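Secondary and tertiary structure notes
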Amino acid sequence: MAYLLALDQGTTSSRAMVFDAGGRVRGVAQAEFVQHFPAPDRVEHDAQDILRTQFDCAREALANAGIRAGEVAAIGIANQRETTVLWERASGRALAPAIVWQDRRTAAECERLRAQGWADDLRARTGLELDPYFSATKLAWLLDTLPGARARAERGELAFGTIDSWLVWHLTGGRLHLTDPGNAARTLLFNIHTLDWDPVLLERFRIPAPLLPRVVASSGVCGETDARVFGAAIPIAGIAGDQQAATIGQGCLAPGMAKNTYGTGCFLLMNTGAHAVASRNRLLTTVGWSGVGGSGVCYALEGSVFMGGAIVQWLRDGLGIVRRSDEVEALAASVADSGGVVMVPAFTGLGAPYWDANARGTLLGLTRGSGAAHIARAALEAIAAQTADLVEAMARDGAAPLCELRVDGGAAANDLLMQMQADLLGVPVLRPRLLETTAYGAACLAALGCGLWADAHEIEAGWRLDRRFEPRWGADRRGAARARWARAVTCARGWAGS
Ligand SMILES: Nc1ncnc2c1ncn2[C@@H]1O[C@H](COP(=O)(O)OP(=O)(O)O)[C@@H](O)[C@H]1O
Ligand SMILES: O=P(O)(O)OC[C@H](O)CO
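Just so it is clear, the structure is predicted and the values come from calculations on it, not from any experiment.

Calculation criteria
- Residues numbered from 1 in each chain as written.
- Chains lettered and ligands numbered in written order.
- Predicted model: local features only at pLDDT ≥ 70, side-chain atom pairs only at ≥ 80, totals over all residues.
- Heavy atoms only, no water.
- Core = buried A, V, L, I, M, F, W, Y, C linked by side-chain atoms within 4.5 Å.
- Buried < 20%, exposed > 50% of the residue type's maximum accessible area, 1.4 Å probe, protein only.
- Contact = heavy atoms within 4.5 Å.
- Pairing = 2+ DSSP bridges.
- Helix = DSSP H or I, 4+ residues; strand = E, 2+ residues; numbered from the N terminus.
- Axes fitted to C-alpha atoms, helices over the stretch in contact; angles between N-to-C directions.
- Parallel < 35°, antiparallel > 145°, perpendicular 65-115°, else oblique.
- Nonpolar A, V, L, I, M, F, W, Y, C, P; charged D, E, K, R; others polar.
- UniProt positions renumbered as here; feature names shortened; annotations may be inferred.
- Near = heavy atom within 4 Å.
- Polar contact = N/O pair within 3.5 Å; in protein donor to acceptor, adjacent residues only side chain to side chain.
- Areas by Shrake-Rupley, 256 points an atom, 1.4 Å probe, with all protein chains shown as cover.

1. Some points on the nonpolar core
With 105 residues, the main nonpolar core has F205, I207, L211, Y262 and L380 as its most contacted residues. In this structure, Y262 is in contact with I383, T387, L405, V407, D408, G409, G410, A411, A412, L417, M418 and Q421, ignoring residues within four places of it in sequence. Ranked by size, the runner-up nonpolar core spans 41 residues in total, among them F33, C57, A159 and I163.

2. Observations concerning the sheet that holds strand β23 (residues 465–469)
Ordered by their spatial adjacency, seven strands build an open sheet running β17-β18-β16-β15-β21-β22-β23, and the pairing between neighbours is mixed. Since the sheet does not close on itself, it has two edges, and those belong to β17 (284–290) and β23, each with one partner. Shown here is a sheet whose adjacent strand axes are inclined to one another by a mean of 30°, direction ignored. With seven bridges connecting them, strand β16 (residues 266–273) and strand β18 (residues 297–305) associate as antiparallel partners. Across the sheet, residue N271 finds its bridge partner in β18, namely A300. Along the sheet, helix α10 (residues 242–249) contacts β15 (258–262), β16, β17 and β21 (405–408); its crossing angle with β17, the most-contacted strand, is approximately 65°.

3. So, the packing of α10 against helix α15 (residues 437–449)
Where α10 contacts α15, the axes come no closer than 7 Å and their chain directions differ by 80°. On the basis of their axis angle, the class for α10 and α15 is roughly perpendicular. Mapping the contact onto sequence places D242, A245, A246, I248 and G249 in α10 and T437, T438, Y440, G441, A442, C444 and L445 in α15. Counted by class, the contact of α10 with α15 contains seven nonpolar, four polar and one charged residues.

4. Quick notes on the sheet that holds strand β2 (residues 13–20)
Here we have six strands laid out as an open sheet, ordered β3-β2-β1-β5-β14-β13, and mixed in their pairing. Lying at the two open borders of the sheet, with one neighbouring strand each, are β3 (25–32) and β13 (219–224). Between one strand axis and the next, the sheet turns by 25° as a mean value, whatever way the strands run. Examined bridge by bridge, strand β5 (residues 72–79) and strand β14 (residues 235–241) share five bridges and lie parallel to one another. Bridging across to β14, I77 finds its partner in I239. Across the sheet, helix α6 (residues 163–171) is in contact with β1 (3–9), β5 and β14; its angle to β5 comes to roughly 145°.

5. Details of the UniProt feature "domain: Carbohydrate kinase FGGY N-terminal" (unreviewed entry) in the protein chain
Under the UniProt annotation, "domain: Carbohydrate kinase FGGY N-terminal" (unreviewed entry) lies at residues 3–249. The distance from the first to the last C-alpha atom of residues 3–249 is 17 Å, and the span holds 34% helix and 26% strand.

6. Observations regarding the site of ligand 2
All residues adjacent to ligand 2 are G10, T11, Q80, R81, E82, W101, Y133, D242, Q243, T264 and F267. At 2.7 Å from an oxygen atom of ligand 2 is found a side-chain nitrogen or oxygen belonging to T11. For ligand 2, an oxygen atom lies 2.6 Å from a polar atom in the side chain of D242. Bound to the protein, ligand 2 loses 92% of the 310 Å² it would expose on its own. Of the residues belonging to the shell around ligand 2, the class tally is three nonpolar, five polar and three charged.

7. Quick look at the UniProt feature "binding site: glycerol" (unreviewed entry) in the protein chain
Look at the UniProt record and you will see "binding site: glycerol" (unreviewed entry) annotated at R81, E82, Y133, D242 and Q243. Relative to the assigned elements, E82 resides in the loop between β5 and β6 (85–88). Not counting residues within four places of it along the chain, the set of residues in contact with E82 comprises I99, W101, Y133, F134, S135, K138, T162 and R186. If you trace the backbone, Y133 turns up in the loop between α3 (119–126) and α4 (135–145). When residues no more than four places from it in sequence are discounted, the contact partners of Y133 are R81, E82, W101, R104, K138, R186, F267, L284, E302, S304, F306 and W355. Polar side-chain contacts of Y133 include one of 3.3 Å to the side chain of R81.

Listed below in structure tokens is the structure:
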């Protein structure tokens, strides 16, 4: 029997899962790691923590499955995207903590570049917004801040990578410096039409070309692990950003199909096939993947929301009104409605479709009757409302109306939130039994890439429905809720800049 090892390196935890050739889960391990917030606008990870937790989890998942590394046909990698690591090629040592996708330290630099009138050309080349979310300004910040880094980068002594590249480098004992087009497409340095690093962008962001990884297909054998890492050399046959991997794992392989992941943030991706659809409503155009089942590049329209399940973390760690994330459901369900309380969770600005780095978190409508339960309910409603913003922006972009939304991620376990989502969207929400669709997607890429699976239809065999949430609200109620949310967003916008 051949097995697949999926590495899912997420924002708050590293996960590894072993699947058998039939797509069934055989072993799982997960480890949270420390989030560093050295300043209000900064979010960092220790790059070494990422390696340690990810590789330990992989060993533990293999042990849980009761198999040896030699029985693994291939590894698939899915990773938190945009997070930026700069390391020394000679030692493999990161020169600084990884700058996480949520980090806003380059907001002023983005403003400066916007004032130079670059945003439109940048969007045309990369499909992205000029925003601190993406890697380019984070990398430039490291090169400008670390003594000698820029000169060393020009001499070819340093390597840049998103987390996939960082993992592959260390999985292969420093032999391979690779990424896939989906991850590359999140850097602001990659041209999504030529499918290569763009010399104009490298010059604009002052990024020396010797830093960059080679771009390989998302599915296909691109190398093998150093036998010392897991005890045997294992082919690496899949690489994708975690949201792209989840799109695959949800079986959204046909144009028009969409999934939403409720993790730290919320990420709604709609498959647009071989066409890079340019958004007129500030959604992102991104590469989904390449080489799946022998086909070329598949693009997606994406809406990225910075605070999803992280709002619940804040209720837990910041406000202390729940002890565990899953307690939020009972607390929110203890009241019939939010009592007029509306939360706009713009803690780190607003992502799509607003892209307002100066928006800030806002609680509106508080009265003497408001309590923890109303705030908890408003928090869940805010997650659903942000997702509705994305679906509406996709519809304004001319996408065919959604007939269903497939959901996953940690917060998708929350039945109340999923029901709110169906009510607010007016379409059924479908939750699969396996919520770890990211890891499953990574395993699918690897299975196809190493030839264990003959074609992409095998992916659907692993997707089974857990629960379908039917919308219950009429158009009037939906309209009123959406109008109230829109007024609240107006209040939150621009706050930090005023
Ligand atoms: N029952 C729940 N209700 C709401 N949010 C939840 C629930 N369980 C977990 N979460 C939230 O989901 C997030 C974790 O989801 P996960 O998919 O593991 O995230 P990531 O991949 O971003 O690390 C956390 O932010 C947590 O607060
Ligand atoms: O690790 P997650 O699930 O929070 O996903 C993070 C995204 O890839 C950021 O773009």
